[in-house]
Amino acid sequence: MFSHSLAALALSFACAMPAAADALKVTLLGTGSPLPSPERFSQSTLVEAGQEKLLFDFGRGAPIRLTQLGVPIGSLTAHFITHFHSDHVGGLPDVWMTGWIATPFGGRETPMVVYGPEGTEALTGHLTEAFSEDARVREADEHLDPAGIAFDAHDAPPGKVYERNGVTVTAFEVNHGPLIKPAYGYRVDYDGKAVVISGDTKKDERIAEAAKGADLLIHEVAYIDHSMMEKFPSYQEILDHHTRPSEAGETFAEAEPRLAAFSHIVSRGAPGMTQPEVLDAILAEAHGTWDGPIVMGADLMSFTIDGAITVTDPEGETVLTVPATAAN
């Protein structure tokens, strides 16, 4: 479903159509968990707003999804980390190094801008050390500009962390458990439109507060059947760090976004349940606490906010349209 031939990939660069200049477009690059899955890569989200291309988290395979979209990795204008679990930063070296290569899929010639919780500057500094030999060889052999492999990294406290070309990104703390601090969610505002990305979190009133008035709230979710927790007790620890579907529905009811969507989908159904049945159960449980529209995210699903909210599936087909409100 997600495979492309080399010819199709080349065509995607030529034919990828940007959203209207005043639209806010969100594409889910990875909607999964640490589970190695070809259908659901781990966590990464692209937000396009005017001249800005913003990447939230560096999940496994993010450069592949960007290439499928026809978005050069080196064209990203800023990058944001929610926290330092491997399924959120494992793809950082790939985005960093591959985005530097002087090709249609790379081409970065200026320092890579990264914001995140305390530890972001240390992480990027250690990566620079770890990949110093690769960088040395590419500079000498491929004559790449060393500016493109530099980091412009920031340990950013909660609050407004980025403001450029009419786009504002605000970080807020979330509760991903007592040892994972700080962990962030993010809100992006552009031209009267807003999207909120929860990051990994237990149910947290701060998400509902940040998402008040938002067009789109992208929230993580975890559904693990009791029988699986009895068989694998470690699943209880996982569930204790995440948000159950009914709790997510409660957050949606408090925030009242125009549209809610699930990403970072942790799912372990009862024996015999198919994956579609598990996903249906997640939606049914969430709808028990909120009666508004909820979309089950998929890799390469996009949301275009331009008055109406148009949701397209990985093949580019429209699957849902949320009409414009009177305020739009």
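Residues numbered from 1 in each chain as written. Predicted model: local features only at pLDDT ≥ 70, side-chain atom pairs only at ≥ 80, totals over all residues. Heavy atoms only, no water.

As named in an unreviewed UniProt entry, the protein chain is MBL fold metallo-hydrolase, taken from Amaricoccus solimangrovi.

Enquirer: Tell me about the UniProt feature "domain: Metallo-beta-lactamase" (unreviewed entry) in the protein chain, residues and numbers included.
Expert: In the UniProt entry, the feature "domain: Metallo-beta-lactamase" (unreviewed entry) is given for residues 41–242. Across residues 41–242, the secondary structure splits into 30% helix and 30% strand, with the terminal C-alpha atoms separated by 18 Å. (UniProt positions renumbered as here; feature names shortened; annotations may be inferred. Helix = DSSP H or I, 4+ residues; strand = E, 2+ residues; numbered from the N terminus.)

Enquirer: Any chance you could break down the pattern of salt bridges for me, citing the residues and the numbers?
Expert: Evaluated as defined, the whole model comprises 11 salt bridges. The salt bridge partner of Asp299 is Arg65, with a shortest N-O separation of 2.9 Å. With a gap of 234 residues between them, Asp299 in the loop between strand S13 (294–296) and strand S14 (302–306) and Arg65 in helix H2 (residues 62–69) connect regions that are remote in the sequence. Residue Asp299 shares its accessibility class with Arg65, and that shared class is buried. As a salt-bridge pair, Asp191 and Lys193 come within 3.1 Å of each other at their nearest N and O atoms. Members of the salt-bridge network, linked through shared partners, are Asp134, Arg138 and Glu142. (Salt bridge = Lys/Arg side-chain N within 4 Å of Asp/Glu carboxyl O. Buried < 20%, exposed > 50% of the residue type's maximum accessible area, 1.4 Å probe, protein only.)

Enquirer: How would you summarise the environment of Gln236 if you had to cite specific residues and measurements?
Expert: Within the secondary structure layout, Gln236 lies in helix H9 (residues 234–239). Exposure remark for Gln236: the relative accessible area of 31% places this residue in the partly exposed category. As a C-alpha pair, Gln236 and Thr27 span 209 residues in sequence and 31 Å in three-dimensional space. Residue contacts for Gln236: discarding those within four places in its chain leaves Met229 and Arg244. (Contact = heavy atoms within 4.5 Å.)

Enquirer: Provide a residue-level description of the pairing of strand S9 (residues 183–190), including the pertinent values.
Expert: Looking along a regular strand, one sees side chains alternate from face to face of the sheet. With seven of eight residues buried, S9 is to be regarded as a mostly interior element. Sheet analysis places strand S8 (residues 167–174) next to S9, joined by eight bridges and oriented antiparallel. Across the sheet, residue Phe172 finds its bridge partner in S9, namely Gly185. Of the pairings in the sheet, the one linking S9 to strand S10 (residues 193–197) comprises five bridges and is antiparallel in character. Bridge pairing links Tyr190 to Lys193 in S10. Here S9 folds back onto S10 in antiparallel fashion, the turn holding two residues, of which Asp191 has a positive phi close to 55°. (Pairing = 2+ DSSP bridges.)

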